Amino acid sequence: MTEIFVDQASVDPVLDGDKQPTTGGPWRLFVRNRAAVFGALLLIAILVMTFIVPLFYDRDPGDLVARPHLRPGDEGAPLLGTDNLGRDLLAIVIYGGQTTLRVAAGAAVLIVFVGVTIGSLAGYYGGWVDSALMRFTEFFQVLPGLLFAIVVVALFEPSFWVITFAIGSIAWPGIARLTRAEFLRLKNLEFVKAARAIGSTDFRIITRVILPNAMPTLIVSTTLIMGSAILFEAGLAFLGLADVNSASWGLAIGRGREFFTINWWAVTFPGLAIFFTVLGLSLVGDGLQDALNPRLRGR
């Protein structure tokens, strides 16, 4: 009785004017969304490029392999050309993706953990707990995010953990408020009252009864959070607040910006990698939103 998952939108097709009822499970709805499938393919391509291709293309992104400013297609140039120091731009894009995606994934995990924890406690208990946690959330929400992250990274050595903490510490209020809203909506439904009636603890009700029913909305939000974390990491790296001993897309753009007029490809290709990754996450998130809540299809 404590693990009944109800998604009313999935069982009540909606007729709206000329729209037809939506049928099929979430997976079928997702694959019917061409934009979402395209986004998923983009993400798969990015992941293959950053984590599979290095098994066959093991060139160090810091090695000087040819003359500086070689264009793609020039004689003796790597596939994507070289940067202002003569480093292989393809290696920078490949290995830089590993750094960017790992930082973004770590920050997204931290954001979701903190946001869901605070939001679930505030929404479930209400009263003074809700008031105190929301005031705490509002304090971080009004902070200028990028400026706060810059200060945190500048105060400590720019490393994976410091950058991950800096991004995660300022981006969690949004998902905290979303989680709180879901808990406020769900906590008084019949299956939650039934769980209380049979003596389930608060911890079990929060983690095993309410949270799984709130997951569809939180999953969609997580994909968007990942995209925002990538942009935050790229912004910090662009400003030079990154580990200079490891390549990243933002760091590559920052290093190449002074030479853009004579070496546009050193900025363009890392920028395209960021663009397609964030685009893929956005399309997948939108597709998941439609698939997990069919009432939104055709909006």
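Before reading further, recall that the structure is shown in the block above.
Scoring rules and cut-offs
Residues numbered from 1 in each chain as written. Predicted model: local features only at pLDDT ≥ 70, side-chain atom pairs only at ≥ 80, totals over all residues. Heavy atoms only, no water. Salt bridge = Lys/Arg side-chain N within 4 Å of Asp/Glu carboxyl O. Helix = DSSP H or I, 4+ residues; strand = E, 2+ residues; numbered from the N terminus. Buried < 20%, exposed > 50% of the residue type's maximum accessible area, 1.4 Å probe, protein only. Expected span 1.5 Å × (residues − 1). Polar contact = N/O pair within 3.5 Å; in protein donor to acceptor, adjacent residues only side chain to side chain. Contact = heavy atoms within 4.5 Å.

*Asks:* I tried to follow the pattern of salt bridges on my own but got confused; where do I start?
*Replies:* Note on pairing: side chains with opposite charge can pair once their charged atoms come close. A full pass over the atoms with the stated rule returns 6 salt bridges. In this structure, the salt-bridge partner of R180 is D130, at a minimum N-O distance of 2.7 Å. Within this pair, whereas R180 is found in helix α8 (residues 173-186), its partner D130 is found in helix α5 (residues 127-141), the two being separated by 50 residues in sequence. Accessibility expressed as a relative area gives 11% for D130, which makes it buried. Taking the shortest distance from any N to any O, the salt bridge between E138 and R135 comes out at 2.9 Å.

*Asks:* Even after reading the chapter, I still don't get helix α4 (residues 89-125), so can you show me in this structure?
*Replies:* Each turn of an α-helix holds 3.6 residues, which means side chains three or four residues apart point in the same direction. Here α4 contains 37 residues, and its C-alpha end-to-end distance of 53 Å stays within 8% of the 54 Å for a straight helix at 1.5 Å per residue. Sitting at the head of α4, D88 places a side-chain oxygen 3.0 Å from the backbone nitrogen of L90. Backbone geometry just after α4 places G126 at a positive phi near 60°.

*Asks:* For this particular structure, what's the right way to read unusual backbone geometry?
*Replies:* For residues that are not glycine, phi is negative in most cases, and the peptide bond is trans in most cases. Unlike most non-glycine residues, H69 shows phi in positive territory, near 65°. Examined against the element boundaries, H69 turns out to sit in the loop between α3 (34-52) and α4. Among the residues examined, H69 registers a relative accessible area of 26% and is labelled partly exposed.

*Asks:* Hey, could you run me through helix α11 (residues 249-256) in this one?
*Replies:* Buried residues dominate α11, accounting for 7 of its 8 residues. Listing the buried residues of α11 in full gives W249, G250, L251, A252, I253, G254 and G256. Lining the buried residues of α11 we find α3, α4, α10 (202-238) and α12 (265-292).

*Asks:* I tried to follow the side chain of D83 on my own but got confused; where do I start?
*Replies:* As for its position among the elements, D83 is in the loop between α3 and α4. Of note is the side chain of D83, whose polar atom sits 3.0 Å from the backbone nitrogen of L85. Of note is the side chain of D83, whose polar atom sits 3.0 Å from the backbone nitrogen of G86. Not counting residues up to four positions away in its chain, the partners in contact with D83 are P68, H69, I92, N263 and A266.

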